[in-house]
Amino acid sequence: MPSPLRLVLPTLSLGLAAFASAWAQPQPSGAHTATAQFSISADSDLTRGGAPAGEVGVSAFAATWRSSAALTATTRLSYGLNWERFDFDRAAVVVVPDTLQELSVVLGATHRLNTQWMLTGTIRPGVYGDTEGGGGDAFNAPLLLLATWVRSPELAWAFGLRADWFSERAVIPFIGVNWKFAPGWEFSLGMPRAGVSYQAGDALKLTLGASVQGGNYHVAEDPRGPAISSLRVDDTTLDYHEIRVGLAADWKLNESLTLSAEAGVITDQKFDYFDRGITLDGGGIGFFTLGLNGRF
């Protein structure tokens, strides 16, 4: 049975990104945001049932584009594109795909009920897979339903459900919070990280926290090739997640661009073919992330 930590952290990472949008100040109609990010980690020694299972290194690339439009005075539509790719440096005998990739459309709406309550729904239809075989089996449409309660300008709570049809548990409830507990200080749970941030100056923000990298993907072909005849992982689902703890810095270059960097440790790494009973565990390795965020 999956541990509560493995169920909760990925849910917070994937689900509460919409909480950040709901908590943020409304954007002008037609405003666009774009992000590009690269991350790399050291090689991890994987184990399966406590026995050595090979090494794997991960390079991750991500790019997003978002925009929104006001439908009424209380309702805003949002739309955009997501691309995320993980390349794995591995030996041929390691049961980890060479590549996992998401290419999706993001569609959502936020409705303000009153000064305290907002409702948000987001769906991400797209292809989530190992880039092998046809795209039909890799089609997924993760869904997020969220209610945000703004108790005060300093404190907001979020309550919702996340549905992912490729996950071992298709529907999971969650809760999140954003608390500005002192001037320049902020605590957040699941936006999409849990941690404490400090506004060190007009242009610099520092964050110490935990985040999750990964997702759920369709695997069309066993990455070990046709030589393996037993316990194959063709046409199944892989839950890949890493729990990352690190120090991040966001440096505002100008009114439009922000440079982000983070370094830390991957405390837990898992490749879980839960339908086939195959789980690889790793962790205890360093990572580094560099990103650029723009608002236009």
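Refer to the structure above for everything that follows.
Residues numbered from 1 in each chain as written. Predicted model: local features only at pLDDT ≥ 70, side-chain atom pairs only at ≥ 80, totals over all residues. Heavy atoms only, no water.

1. Looking at the overall build of the chain
Logical step 1: When helices and strands are tallied, the chain shows two helices and 18 strands.
Logical step 2: Looking at the chain residue by residue over its 296 residues, the buried ones come to 43%.
Logical step 3: Considering only intrachain contacts with a sequence separation of at least 6, the fraction spanning at least 24 residues in the chain is 57%.
Logical step 4: Counting only carbon and sulfur atoms, one obtains 63% of the accessible surface of the chain, whose full area is about 14300 Å². (Helix = DSSP H or I, 4+ residues; strand = E, 2+ residues; numbered from the N terminus. Buried < 20%, exposed > 50% of the residue type's maximum accessible area, 1.4 Å probe, protein only. Contact = heavy atoms within 4.5 Å. Areas by Shrake-Rupley, 256 points an atom, 1.4 Å probe, with all protein chains shown as cover.)

2. Things to note about the side chain of Asp164
Logical step 1: Tracing the sequence through the fold places Asp164 in the loop between strand E10 (155–163) and strand E11 (171–182).
Logical step 2: For Asp164, a relative accessible area of 5% corresponds to the buried category.
Logical step 3: At 3.0 Å, the side chain of Asp164 and the backbone nitrogen of Phe166 are in polar contact.
Logical step 4: If near-sequence neighbours (up to four positions away) are discounted, Asp164 is found in contact with Asn140, Pro142, Arg169, Ala170 and Asn216. (Polar contact = N/O pair within 3.5 Å; in protein donor to acceptor, adjacent residues only side chain to side chain.)

3. Comments concerning the environment of Tyr240
Logical step 1: Considering the arrangement of structural elements, one finds Tyr240 in strand E15 (residues 236–252).
Logical step 2: Taking the C-alpha atoms as reference, Tyr240 lies 9.6 Å from Val96; in sequence the two are 144 residues apart.
Logical step 3: Engagement of the side chain of Tyr240 in a polar contact is seen with the side chain of Gln213, the distance being 3.1 Å.

4. Some remarks on the pattern of salt bridges
Logical step 1: Per the counting criterion, the structure on display carries eleven salt bridges.
Logical step 2: A salt bridge links Glu102 to Arg124; its shortest N-O distance comes to 3.4 Å. One end of the pair, Glu102, is in strand E5 (residues 99–112); the other, Arg124, is in the loop between strand E6 (117–123) and strand E7 (126–129), and 22 residues separate them in sequence. We note that Glu102, like Arg124, is buried.
Logical step 3: Here Arg232 makes a salt bridge to Asp234, at a shortest N to O gap of 2.6 Å.
Logical step 4: Accessibility expressed as a relative area gives 25% for Asp234, which makes it partly exposed.
Logical step 5: In the salt-bridge network here, residues are joined through shared partners; they are Asp268, Lys270 and Asp281. (Salt bridge = Lys/Arg side-chain N within 4 Å of Asp/Glu carboxyl O.)

5. Details of unusual backbone geometry
Logical step 1: Even without being glycine, Thr131 reaches a positive phi, approximately 65°.
Logical step 2: The residue Thr131 is located in the loop between E7 and strand E8 (139–140) in this model.
Logical step 3: Take Thr131: its relative accessible area is 46%, and that puts it in the partly exposed class.

6. Observations concerning the nonpolar core
Logical step 1: Judged by nonpolar contacts, the single largest core of 21 residues is most densely connected at Phe86, Phe88, Val96, Tyr240 and Phe271.
Logical step 2: Broken down by secondary-structure element, the contributors of at least two residues to this core are strand E3 (51–70), strand E4 (75–90), strand E14 (204–219), E15, strand E16 (257–273) and strand E17 (278–282).
Logical step 3: Here the element with the most residues in this core is E3; it accounts for three residues. (Core = buried A, V, L, I, M, F, W, Y, C linked by side-chain atoms within 4.5 Å.)

7. A short note on the pairing of E5
Logical step 1: Strand direction decides the pairing type here: E4 and E5, joined by 13 bridges, are antiparallel. Each residue of the ladder has a partner; that of Thr75, found in E5, is His111.
Logical step 2: As defined by bridge partners, E5 adjoins E7 across four bridges and the pair is classed as antiparallel. Residue Gln101 lies in a different strand from E7, and its bridge partner there is Gly129.
Logical step 3: Relative to E6, E5 runs antiparallel, the two being bridged by six bridges. Along E6, the bridge assignment pairs His111 with Leu119.
Logical step 4: The antiparallel pairing of E5 with E6 creates a hairpin that spans four residues between the two strands. (Pairing = 2+ DSSP bridges.)

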